[in-house]
Amino acid sequence: QHVHPTQTIEPRRCPVKRWPEGTVEQRVRRALDEVRPGIRADGGDVDFVGIEGARVLVTLSGACRSCPMAKSTLADFVSERVQLYAPEIDEVVAV
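The model shown is predicted, which means the values in this text are computed figures rather than measured ones. (Residues numbered from 1 in each chain as written. Predicted model: local features only at pLDDT ≥ 70, side-chain atom pairs only at ≥ 80, totals over all residues. Heavy atoms only, no water.)

**Here's the deal with the pairing of strand 3 (residues 91–94)**
Successive residues of a regular strand alternate their side chains across the two faces of the sheet. Where strand 2 (residues 55–62) meets strand 3, 4 bridges bridge the pair, whose relative direction is parallel. By the bridge assignment, R55 is partnered in strand 3 with E91. With helix 2 (residues 70–85) bridging strand 2 and the parallel strand 3, this β-α-β connection has right-handed handedness. (Pairing = 2+ DSSP bridges. Helix = DSSP H or I, 4+ residues; strand = E, 2+ residues; numbered from the N terminus. Right-handed = clockwise from strand over helix to strand, strands pointing away.)

Next up, the structure:
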């Protein structure tokens, strides 16, 4: 569609997902909830244990316990999402 230079166009309204709000723990838990289906699809799971300073402690269970890729999954998949939701977190550690 051609628009005349003096014509104004109303911007389209896009549904915007609200950025995660809440305490650090609430945002970390939301991030874990988002990655959990992908981890469960491979037979594993990740559970929140706690926060110590700028570190999130999690447990890996199921297939993740013996998987050689668990460390990579934690660093590349879980940590990335947690740090997106809670930038004050420096690392995610399996305990």
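**A word on the side chain of S79**
Mapped onto the elements, S79 comes out in helix 2. Discounting chain neighbours no more than four positions away, the residues touching S79 are L74 and V92. (Contact = heavy atoms within 4.5 Å.)

**Focus: the sheet that holds strand 1 (residues 44–52)**
By way of backbone hydrogen bonds, the strands of a sheet pair with one another, either parallel or antiparallel. Spatially, the 3 strands line up as an open sheet ordered 1-2-3, and their pairing is mixed. Bordering the open sheet on either side are strand 1 and strand 3, each of which pairs with just one other strand. Across the sheet, the mean angle separating the axes of adjacent strands is 30° when strand polarity is ignored. Where helix 1 (residues 24–41) meets the sheet, it contacts strand 1 and strand 2, and its direction lies at approximately 165° from that of strand 1. Its contacts with the sheet place helix 2 against strand 2 and strand 3, and it is angled at close to 140° to strand 3. (Axes fitted to C-alpha atoms, helices over the stretch in contact; angles between N-to-C directions.)

**Observations concerning the environment of G43**
In this fold, G43 is placed in the loop between helix 1 and strand 1. On a C-alpha basis, the gap between G43 and G62 in space is 6.0 Å, while along the polypeptide they are 19 residues apart. Setting aside anything within four residues of it in sequence, one finds G43 in contact with G62 and A63.

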